[in-house]
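Here's the letter readout for the chains.
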Amino acid sequence: MLLERQPQLQQMDALLADAIGGRGRIVVVLGEAGAGKTALVEAFASRLDDGLTMLRSACEDLSIPDPLGPLHDLARDAHWELPRVLDDRQVQRLPLFSEALDVFEAKGPCLLVIEDLHWADDATLDFVRFLGRRIANTHILLLITARTDRSEGQMRVRRALGEIPAGNVVRIDVPLLSESAVLSLAATAERDGEAIYRASAGNAFFVTELLAA
Ligand SMILES: Nc1ncnc2c1ncn2[C@@H]1O[C@H](COP(=O)(O)OP(=O)(O)OP(=O)(O)O)[C@@H](O)[C@H]1O
Ligand SMILES: [Mg+2]
């Protein structure tokens, strides 16, 4: 069960209602590793009407990320055939991004998910910037997750989002679970919650690790 995320879910519901009404936005779900970004997105997705289009994608933790990996995922979900080679020299990016926008907008109200943007390649960040500048007049809600650490990836995310008009981006923070939430999760798992909370020293990743151990 998802604990302590009611305000975030309500905010996301309101932003989705705006998108359905033709005022699209990017929502950036930010939190440290293991804070519960994916769990929040899953919980939100599970509340959606069957009629709403949802296209999902993720960035991967590769030493050299494939260009536009998430766009491949989104295209597959949208049954849209991307040009086979997305190499710099063979395919111009702007017409491709523009076509992507048309394909997604043609779906009617649409939720796009890009997980783990801190692992994105440069072209994917360009795509997010491209969408971000044009999203206001669409029926698209683009939900992004990213870690808040001091990594280079996080800095690149911040820089890319900083170039999008401020009104088009909403930040939703995923804070650490409270002690009582950790105790309750531990009780359900029949574990010593006090010990887990103490050992995690306020680090969400360690709560997850310790509960799973
Ligand atoms: N609000 C919550 N209530 C109960 N359990 C939660 C909550 N948030 C997250 N969890 C659990 O904690 C674990 C880690 O959550 P999740 O994978 O969503 O983290 P994350 O922020 O996406 O991490 P990462 O940065 O590694 O992708 C999962 O097992 C998830 O079910
Ligand atoms: Mg995650």
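All values reported here derive from a predicted model rather than from experimental measurement.

Student: Kindly report on the sheet that holds strand 2 (residues 53-58), identifying the contributing residues and their values.
Tutor: Reading across from one edge, 2-3-4-1-5 is the order of the 5 strands in this open sheet, with parallel pairing throughout. Edge positions in the sheet fall to strand 2 and strand 5 (169-173), since each of these pairs with one other strand and no more. On average, adjacent strands in this sheet sit at an angle of 20 degrees to one another, irrespective of strand direction. Pairing analysis gives 5 bridges linking strand 3 (residues 110-115) to strand 4 (residues 140-147), with the strands arranged parallel. In the strand pairing of strand 4, Val113 is matched with Leu143. With respect to the sheet, helix 1 (residues 6-20) is in contact with strand 1 (25-31), strand 4 and strand 5, its orientation differing from that of strand 5 by roughly 160 degrees.

Student: How would you summarise the site of ligand 1 if you had to cite specific residues and measurements?
Tutor: Among the 17 residues in the neighbourhood of ligand 1, the closest are listed as Leu3, Lys37, Thr38, Ala39 and Arg147. In the complex, the protein chains occlude 72% of the 630 Å² of accessible area that ligand 1 would expose alone. If one sorts the elements of the shell around ligand 1 by residue count, helix 2 (residues 37-46) sits on top with 3 residues. Classifying every residue of the shell around ligand 1 by side-chain character gives 8 nonpolar, 4 polar and 5 charged.

Student: Outline the domain arrangement of the chain, listing residues and values.
Tutor: Accessible area lost upon the coming together of the parts serves often as the stated size of an interface. Partitioning the chain into structural domains gives domain 1 (6-175) and domain 2 (177-213). With centres defined by C-alpha atoms, the gap from domain 1 to domain 2 works out at 31 Å. Taken together, the contact between domain 1 and domain 2 spans 5 residues of the former and 6 residues of the latter. When residues of domain 1 are sorted by the area they lose upon contact with domain 2, Glu32, Ala33 and Gly34 head the list and together hold 73% of the total. Across the domain 1-domain 2 interface, the total number found is 0 salt bridges. Here domain 1 and domain 2 share 2 residue pairs in polar contact (both at pLDDT 80 or more) between them. For the side of domain 1 that touches domain 2, the class distribution of residues is 3 nonpolar, 1 polar and 1 charged.

Rules used throughout
- Residues numbered from 1 in each chain as written.
- Chains lettered and ligands numbered in written order.
- Predicted model: local features only at pLDDT ≥ 70, side-chain atom pairs only at ≥ 80, totals over all residues.
- Heavy atoms only, no water.
- Pairing = 2+ DSSP bridges.
- Helix = DSSP H or I, 4+ residues; strand = E, 2+ residues; numbered from the N terminus.
- Axes fitted to C-alpha atoms, helices over the stretch in contact; angles between N-to-C directions.
- Contact = heavy atoms within 4.5 Å.
- Near = heavy atom within 4 Å.
- Areas by Shrake-Rupley, 256 points an atom, 1.4 Å probe, with all protein chains shown as cover.
- Nonpolar A, V, L, I, M, F, W, Y, C, P; charged D, E, K, R; others polar.
- Domains from an automatic or database assignment.
- Buried area = accessible area lost by both parts, 1.4 Å probe.
- Salt bridge = Lys/Arg side-chain N within 4 Å of Asp/Glu carboxyl O.
- Polar contact = N/O pair within 3.5 Å; in protein donor to acceptor, adjacent residues only side chain to side chain.

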